[in-house]
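Listed below, chain by chain, are the residues.
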Amino acid sequence: MAYRETATVISKDKIAGDVYDIWFETEKIAQEAVPGQFVLVYSKDKARLLPRPISVCLTEGNKLRLVFRAVGEGTKEFSEFETGDKVEIQGPVGHGYDLSNKKKALIFGGGIGIPPMLNLAKELDCEKQIVLGYRDELFLNEEFEKYGQVYIATEDGSCGTKGNVLNAVDELGLDADVLYACGPMPMLRAIKNYAIAHDKEAYISLEEKMACGMGACLSCVCKSKEVDGHSKVKNKRVCTEGPVFDAREVEI
Ligand SMILES: Cc1cc2nc3c(=O)[nH]c(=O)nc-3n(C[C@H](O)[C@H](O)[C@H](O)COP(=O)(O)OP(=O)(O)OC[C@H]3O[C@@H](n4cnc5c(N)ncnc54)[C@H](O)[C@@H]3O)c2cc1C
Ligand code: FES
């Protein structure tokens, strides 16, 4: 169930180039959220009616942590929040990760897809290896070390494997039974193909552009293998049926 609340900003830090880390105090959202879910953050500027979807990075009691990159007007406004500010937030939204897996896991995060994987790494109770892919500047990597062995890939080769997360898997000979991933589409596509080629289970989190965020407008659909019960075509709404999908369920 999603709640609309007025949350209070507890702290804000800039943790890399244009990447911001904000903790909010919420009434119910933080306590209800599970890894892989997201929230809808509303702008104070009424010219921007549509809320912006941001993944839950971490929760602690009634505290909610969001880590995001300032890319446009909405996220730029969020990056200017100050301690004590009141912010309208709706959530938790979407279908998160299944935490019942006890098999050996490989968790992949790429770029601004890294934050939601921190919550998954924390809550997933199994042997975990974590592979984080960055363009250059690192963030959150030290926090992941609390939850598993961490491997880094950077596009410029400034840290860890030079290349992407699957280059790190090859170079280091990493292996697992189940793969989890959030990141840019080319990375998710490569992980889906890798999972099929190596006969692994894989769960991926998609970040399609959204409008209502509540399943009504169909602006966030992705192509699916099976016919959807709601739209009667081979579509899935990322905001409600996702953002986490079995990689084999979706055409990406
Ligand atoms: C389920 C979900 C979870 C997300 N979680 C996070 C997160 O944890 N951290 C984070 O930094 N971002 C996350 N995003 C992306 C975030 O929602 C967008 O960056 C944000 O909506 C952009 O709003 P804006 O007003 O700043 O930019 P706009 O002015 O709306 O757009 C600026 C640029 O961002 C691009 N953009 C807009 N929406 C998206 C989107 N949904 N995905 C990718 N690019 C987009 C636009 O094409 C444009 O180039 C998530 C998106 C979804 C759908
Ligand atoms: S954003 Fe409206 S249905 Fe998903």
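Keep in mind the model is a prediction, meaning the values are calculated, not measured.

(A) Structural detail: the sheet that holds strand β15 (residues 235-237). Taken together, 3 strands build an open sheet; the order of strands is β15-β14-β17 and the sheet is antiparallel. Every other strand in the sheet has two partners, leaving β15 and β17 (250-251) as the edge strands with one partner each.

(B) Geometry of the sheet that holds strand β6 (residues 63-69). With antiparallel pairing, the 7 strands of this open sheet are ordered in space as β4-β3-β7-β1-β2-β6-β5. Because the sheet does not close on itself, it has two edges, and the strands there are β4 (52-55) and β5 (58-60). Each strand axis lies, on average, 35 degrees off the axis of its neighbour in the sheet, ignoring direction. Strand direction decides the pairing type here: strand β1 (residues 3-16) and strand β2 (residues 19-25), joined by 7 bridges, are antiparallel. Residue pairing for β2: V9 is matched across the bridge by F24. Strand contacts of helix α3 (residues 115-123): β4, β5 and β6, with the helix running at about 50 degrees to β5, the strand carrying the most contacts.

(C) Just helix α5 (residues 165-172), in detail. Of the residues making up α5, those classed as buried are V165, A168 and V169. Down the axis of α5, the sector holding all buried residues measures 100 degrees, keeping them to one side. In the core, the buried residues of α5 are packed alongside β8 (105-110), β9 (128-134), β10 (149-154), β11 (161-162) and α6 (185-197). Backbone geometry just downstream of α5 places G173 in the positive-phi region, at approximately 65 degrees.

(D) Structural detail: the pairing of β10. Bridge analysis of β9 against β10 gives 6 bridges, and the strand direction is parallel. Each bridged residue has a counterpart across the sheet, and for Y134 the counterpart in β10 is T154. One ladder, built from 2 bridges, connects β10 with β11; its direction is parallel. Bridging across to β11, A153 finds its partner in T161.

(E) Geometry of the site of ligand 1. Taken together, 20 residues lie around ligand 1, and S55, F68, G72, G74 and T75 are the ones closest in. Listing elements by their share of the shell around ligand 1, those giving two or more residues are β4, β6, α2 (73-79) and α3. If one sorts the elements of the shell around ligand 1 by residue count, β4 sits on top with 4 residues. Considered class by class, the residues forming the shell around ligand 1 number 10 nonpolar, 4 polar and 6 charged.

(F) Layout of the domain arrangement of the protein. What the domain assignment reports for the protein is domain 1 (3-93), domain 2 (98-205) and domain 3 (207-252). The straight-line distance from the C-alpha centre of domain 1 to that of domain 2 is 24 Å. Each side of the interface is counted separately: domain 1 has 14 residues, and domain 2 has 13 residues. Residue assignment for the side of domain 1 that touches domain 2 shows that the elements contributing at least two residues are β1, β5 and β6. Here the element with the most residues in the side of domain 1 that touches domain 2 is β6; it accounts for 3 residues. Across the side of domain 1 that touches domain 2, the residue classes break down as 9 nonpolar, 4 polar and 1 charged.

(G) Highlighting the environment of R4. Note on placement: R4 falls in strand β1. In this structure, R4 is in contact with E88 and Q90, ignoring residues within four places of it in sequence.

Conventions adopted
Residues numbered from 1 in each chain as written. Chains lettered and ligands numbered in written order. Predicted model: local features only at pLDDT ≥ 70, side-chain atom pairs only at ≥ 80, totals over all residues. Pairing = 2+ DSSP bridges. Helix = DSSP H or I, 4+ residues; strand = E, 2+ residues; numbered from the N terminus. Axes fitted to C-alpha atoms, helices over the stretch in contact; angles between N-to-C directions. Contact = placed C-beta atoms within 7 Å. Buried ≥ 20, exposed ≤ 12 C-beta atoms within 10 Å, placed from the backbone. Arc of directions from axis to C-beta. Near = placed C-beta within 6 Å. Nonpolar A, V, L, I, M, F, W, Y, C, P; charged D, E, K, R; others polar. Domains from an automatic or database assignment.

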